[in-house]
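# Observations on the model geometry
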Amino acid sequence: MTEINPEAPVMVTGANGYVASWLVHKLLSEGHTVHAAVRDPDNTDKVGPLVDVAGTLPGTLKLFQADLLSDGAYDAAAAGCELIFHTASPFTMQTRDPQAELVEPALRGTRNVLETASRTDTIKRVVLTSSCAAIYGDNIDCEDKPGKTLTEAHWNTSSSLEHNPYQYSKTLAEQAAWEMADAQDRWDLVVVNPSLVIGPAINPKATSESFAIVKQLGDGSMKPGAPHLGLGVIDVRDLAEAHYRAGFTPAAHGRNIVSAWNTSLLGLAAALRGRFSNYPLPTRTLPKFLVWLVGPTQGLSRKFVSRNIGYDLKADHTKVVSELGMSFRPLEESIQDMFAWMIDVGRLRARK
Ligand code: NAP
């Protein structure tokens, strides 16, 4: 049982990110003081929207400069805090050097932040934003699980530097976090494992990979059809709530799958169709052999195609419903809000 004093400041790493911005919004709405660690507090493109929204909310936002790869960089932001939310980690599928661009910041960065936790006497809890990517690597990994369903008991054993390096980086980072948590007993670790995050962003220039995935549904690239790719999804605002509850619920513990809906690319398109029928949304499933043929020209390796396309994804969210009291927005609301937001901020061409 870990009681967090709500008067103490709360630290958030990568505070300007897509996911973290909504968490900071939630913390400020509840009146907390947030020590927001960002790479460049002077970059108004990245930090400005968060600063603006903070001005409208009861809590207090304090910015701190910190890079995951700079040892000790988070010490100043952690001073006086009891709770750390560690969300910072690169989320991109386009990398030239996955070791340097994904694994180093995810793994070294997590160790760096948790070393700060261990050095800072006031810290009682760290909430780590891991991912369902640390639970499975390819959809085919679900096939041999009981009920073909992923739970917190499962670990990703199929990803590597060469195959699904983002998933690999998240797995290594979460494993390192558990090792460090187990090696001491002053702070406890609560891990949040979200699936694909959808919903509107606070920053119109948000760069998370989530937008690239949803953009393809509306920009015509999937007009001929979409591969059958099972997905789990969670609304970014519900994910902020889940982080908040993971931080402030004394009995929160262990890993926590935060995935509201088991769906697919075509399931997302269907949820958009009623309201956005004037967009070239996919309506057909592309045959797997076709995806296998053209995949490499679209950035999908043949190994990814053979291990993912045609397989459903089922993730069990029972734990966060029963232990953290979570409930979730309807899928339609989340994806429609995201799509409408992308149109509003000019990231999808508006159509009459
Ligand atoms: P995002 O908007 O790209 O946020 C990533 C954050 O990490 C940014 O604030 C970024 O800072 C920061 N960061 C990256 N490299 C850094 C470095 N070297 N030093 C300091 N900060 C660094 O992506 P997101 O979707 O919000 O992802 C946030 C977390 O959620 C990540 O841990 C991700 O793995 C996890 N997650 C996301 C999804 C999803 O579907 N979006 C699903 C599951 C888990 P800059 O802005 O300066 O680059």
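The sections below set out a description of the structure shown in this document. None of these values were measured; they are calculated from a predicted model.

This brings us to the overall build of the protein chain. When helices and strands are counted, the protein chain shows twelve helices and twelve strands. Taking 352 residues into account, the globule formula puts the C-alpha radius of gyration at 20 Å, and the protein chain, at 20 Å, falls close to it. Based on the C-alpha atoms only, the size of the protein chain along its principal axes is roughly 55 × 45 × 40 Å. Residues counted as buried form 56% of the 352 residues belonging to the protein chain. When contacts within the protein chain are restricted to residue pairs at least 6 apart in sequence, those whose partners lie at least 24 apart make up 80%. Per element, the accessible surface of the protein chain, about 14,800 Å² overall, is 52% carbon and sulfur. Placing the 34 positive and 39 negative side-chain charges of the protein chain at their respective mean positions leaves the two points 9 Å apart.

Inspection of every chain in the model, using the stated rule, returns 18 salt bridges. Asp-75 is paired through a salt bridge with Arg-119; the nearest N and O atoms lie 2.9 Å apart. Linking Asp-75 in helix α3 (residues 75-78) with Arg-119 in helix α4 (residues 98-119), this pair joins segments that are 44 residues apart in sequence. Exposure remark for Asp-75: the relative accessible area of 28% places this residue in the partly exposed category. Glu-174 serves as the salt-bridge partner of Arg-255, at 2.7 Å between the closest nitrogen and oxygen. Of the two residues, Arg-255 is situated in strand β10 (residues 254-258) and Glu-174 in helix α5 (residues 165-182); the sequence distance between them amounts to 81 residues. A relative accessible area of 7% means that Arg-255 is categorised as buried. Look at Glu-174 and you get buried, because its relative accessible area is 0%.

Moving on: the sheet that holds strand β9 (residues 230-235). Read from one edge of the open sheet, three strands run β7-β9-β11, paired in mixed fashion. In this open sheet, the two strands that pair with only one neighbour each are β7 (196-198) and β11 (261-264). Across the sheet, the mean angle separating the axes of adjacent strands is 50° when strand polarity is ignored. Of the strand pairs in this sheet, β9 and β11 are connected by four bridges, and their pairing is antiparallel. Across the sheet, the residue bridging to Val-233 is Trp-261, located in β11. The strands that helix α7 (residues 236-248) touches are β7 and β9; relative to β9, the one it contacts most, it runs at about 70°. Relative to the sheet, helix α12 (residues 331-344) contacts β7, β9 and β11, its axis offset from that of β7 by approximately 70°.

Now for the sheet that holds strand β1 (residues 10-13). Strands sit in the order β3-β2-β1-β4-β5-β6-β10 across an open sheet of seven strands; the sheet is parallel. Two strands lie at the open edges of the sheet, namely β3 (60-65) and β10, each paired on one side alone. Strand-to-strand twist of the sheet, defined as the mean angle between neighbouring strand axes without regard to direction, takes the value 20°. With five bridges joining them, strand β5 (residues 125-129) and strand β6 (residues 188-194) adopt parallel strand pairing. Bridging from a neighbouring strand, Val-126 pairs with Leu-189 of β6. α5 rests against β5, β6 and β10 of the sheet, and its axis sits at about 160° to β6. The strands touched by α7 within the sheet are β1, β4 (83-86), β5, β6 and β10, with β5 carrying the most contacts at an inclination of about 155°.

In this section: the packing of aromatic side chains. The final tally for this structure, using the stated rule, is seven aromatic pairs. Pairing Phe-211 with Trp-341 gives two aromatic rings, centres 5.4 Å apart and planes at 40°, and the pair type is tilted. A residue pair is termed long-range when its members are at least 10 positions apart, and Phe-211 in helix α6 (residues 209-218) and Trp-341 in helix α12 qualify at 130 residues. A single burial state applies to Phe-211 and to Trp-341, both of which are buried. With 6.2 Å between their ring centres and 75° between their planes, Phe-276 and Tyr-279 make a pair best called edge-to-face. With respect to class, Phe-276 is no different from Tyr-279; both count as buried. Linked through ring pairs, Tyr-18, Phe-211 and Trp-341 together constitute an aromatic cluster. The ring of Trp-155 is capped by Arg-255, whose NZ or CZ atom sits 3.6 Å from the centre of that ring. Its guanidinium or amino end placed over the ring of Phe-211, Arg-347 lies 4.7 Å from that ring's centre, counting from NZ or CZ.

Burial runs high along β6: six of the seven residues are buried. Once the chain exits β5 it traverses α5 before rejoining the sheet at β6, and the crossover so formed is right-handed. Bridge count for β6 against β10 is five bridges, and the pairing is parallel. By the bridge assignment for β10, Pro-194 is matched with Val-258.

Analysis parameters
Residues numbered from 1 in each chain as written. Predicted model: local features only at pLDDT ≥ 70, side-chain atom pairs only at ≥ 80, totals over all residues. Heavy atoms only, no water. Helix = DSSP H or I, 4+ residues; strand = E, 2+ residues; numbered from the N terminus. Rg over C-alpha atoms; globule rule 2.2 N^0.38 Å. Buried < 20%, exposed > 50% of the residue type's maximum accessible area, 1.4 Å probe, protein only. Contact = heavy atoms within 4.5 Å. Areas by Shrake-Rupley, 256 points an atom, 1.4 Å probe, with all protein chains shown as cover. Lys, Arg positive; Asp, Glu negative; His and termini not counted. Charge placed at Lys NZ, Arg CZ, Asp CG, Glu CD. Salt bridge = Lys/Arg side-chain N within 4 Å of Asp/Glu carboxyl O. Pairing = 2+ DSSP bridges. Axes fitted to C-alpha atoms, helices over the stretch in contact; angles between N-to-C directions. Phe/Tyr/Trp six-rings, centres within 6.5 Å; stacked < 30°, edge-to-face > 60°. Lys NZ or Arg CZ within 6 Å of the ring centre and 35° of its normal. Right-handed = clockwise from strand over helix to strand, strands pointing away.

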